Amino acid sequence: MSQRNESRVSDMQINVAQLLKEQVGSSRAYRLDENIGADNIDSVRGRVNLTRTKSGILVTCKMTASVTGVCSRCLTPIAFQTNYEFEEEFFPTMDLPSDINLSTDPDSPVIDDRHILDLTEVIRQYAVLAMPAKPLCHPDCAGICPACGHNLNRGSCQCLPQVTDPRWSELTRLRKEG
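Residues numbered from 1 in each chain as written. Predicted model: local features only at pLDDT ≥ 70, side-chain atom pairs only at ≥ 80, totals over all residues. Heavy atoms only, no water.

Draft legend 1. Representation of the overall build of the chain. Within the chain, the regular secondary structure consists of three helices and ten strands. Listed by position from the N terminus, the elements making up the chain come as β-β-α-β-β-β-β-β-β-β-β-α-α. When each of the 178 residues of the chain is scored for burial, the buried share is 34%. Expressed as a percentage of contacts within the chain between residues at least 6 apart in sequence, the contacts between residues at least 24 apart total 52%. As displayed, the chain offers around 11500 Å² of accessible surface, 50% of which is attributable to carbon and sulfur atoms. (Helix = DSSP H or I, 4+ residues; strand = E, 2+ residues; numbered from the N terminus. Buried < 20%, exposed > 50% of the residue type's maximum accessible area, 1.4 Å probe, protein only. Contact = heavy atoms within 4.5 Å. Areas by Shrake-Rupley, 256 points an atom, 1.4 Å probe, with all protein chains shown as cover.)

Draft legend 2. Region of interest: the nonpolar core. Counting 32 residues, the largest nonpolar core has Val44, Leu50, Ile57, Val59, Leu119 and Ile123 as the members making the most contacts within it. Listing elements by their share of this core, those giving two or more residues are helix H1 (17–21), strand S3 (27–38), strand S4 (41–52), strand S5 (57–70), strand S6 (77–92) and helix H2 (120–130). If you tally residues by element for this core, the top one is S5, at six residues. Discounting residues that sit within four places of it in the chain, Leu119 has contacts with Met12, Ile14, Val48, Val59 and Phe90. (Core = buried A, V, L, I, M, F, W, Y, C linked by side-chain atoms within 4.5 Å.)

Draft legend 3. How the structure looks around the pattern of salt bridges. Taken as a whole, this structure holds six salt bridges when the rule is applied. Between Asp39 and Arg124 there is a salt bridge, with the nearest N and O atoms lying 2.4 Å from each other. Here Asp39 is found in the loop between S3 and S4, whereas its partner Arg124 is found in helix H2, with 85 residues between them in sequence. Looking at Asp39, the relative accessible area reads 40%, which means it is partly exposed. Salt-bridge contacts for Glu170 lead to Arg173; the nearest nitrogen and oxygen are separated by 2.2 Å. Of the two residues, Glu170 and Arg173 are both situated in helix H3 (residues 169–177); the distance of three residues between them amounts to about one turn of the helix. Judged by its relative accessible area of 44%, Glu170 falls in the partly exposed class. For Arg173, a relative accessible area of 37% puts it in the partly exposed group. Connected through salt bridges with shared partners, the residues Asp39, Glu121 and Arg124 form a single ionic network. (Salt bridge = Lys/Arg side-chain N within 4 Å of Asp/Glu carboxyl O.)

Draft legend 4. Structural detail: a nonpolar patch on the surface. Residues Val70, Leu75 and Ile144 make up a contiguous nonpolar surface patch of about 250 Å² in total accessible area. Position of Val70 relative to the elements: it lies in strand S5. (Patch = residues over 30% accessible without salt bridge, like charges linked within 9 Å, V, L, I, M, F, W, Y side chains within 5 Å.)

Draft legend 5. Expanded view of the confidence of the model for the chain. Here the chain shows a mean pLDDT of 85. Residues at 70 or above account for 85%. Low pLDDT, under 50, characterises residues 97–103; the predicted model gives this stretch ten contacts beyond four residues in sequence or across chains. (pLDDT = per-residue confidence, 0-100.)

Draft legend 6. Quick peek at the environment of Gln18. Mapped onto the secondary structure, Gln18 falls in helix H1. For the pair formed by Gln18 and His115, sequence separation is 97 residues and the distance between their alpha carbons is 9.0 Å.

Draft legend 7. Examining the environment of Asp11 more closely. Within the secondary structure layout, Asp11 lies in the loop between strand S1 (6–9) and strand S2 (13–15). A residue is classified by how much of its surface remains accessible, and Asp11, at 55% relative accessible area, is exposed. Asp11 sits 23 residues away from Glu34 along the chain, and the two C-alpha atoms are 6.9 Å apart. Excluding residues within four positions of it along the chain, Asp11 makes contact with Glu34, Asp118 and Thr120.

Draft legend 8. Main features of the side chain of Arg52. By the secondary structure assignment, Arg52 is in strand S4. Judged by relative accessible area, which is 15%, Arg52 ranks as buried.

Draft legend 9. Local environment of H2. Of all the residues in H2, the buried ones are Val122, Ile123 and Ala127. Taken down its axis, H2 places every buried residue within 130° of arc, on the same side. Close packing links the buried residues of H2 with S3, S4, S5 and S6. (Arc of directions from axis to C-beta.)

Structure follows, in structure tokens:
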């Protein structure tokens, strides 16, 4: 019933014609290691499991995306990895035994009429969702000087200390005490 041999996927497209002919619960496992080159995502790698359901194929992925970006505090280019998992059910647009077009929800992931399940867009979208909104080069990044733009991780700048507005003095005192 269930096939556990793990294969390698290329181009994030999998022909699922045979799996669609099998009974509910049948499955396939794949390894994925692909370059994306979009949305600052350099590559993705991980495991993809496909399971035959009554109405389509359930895709379960556990992925790691290699991402390039810019530190949100000091504006230094950085490279980091983000891990994510997801499950999506893909539905066929063509009934395999009868070659009849099936109506599908336009917003749901589909298996095309050649029985190809294309994971490219789904994997890219989940990788984008998993990326931090404000990536940091390291957790205690000092950022840049608001006056001259010097990277404060490389040492202090030559700017004169800014005079604080006296209306903030009470808050400044609380911050020093806390």
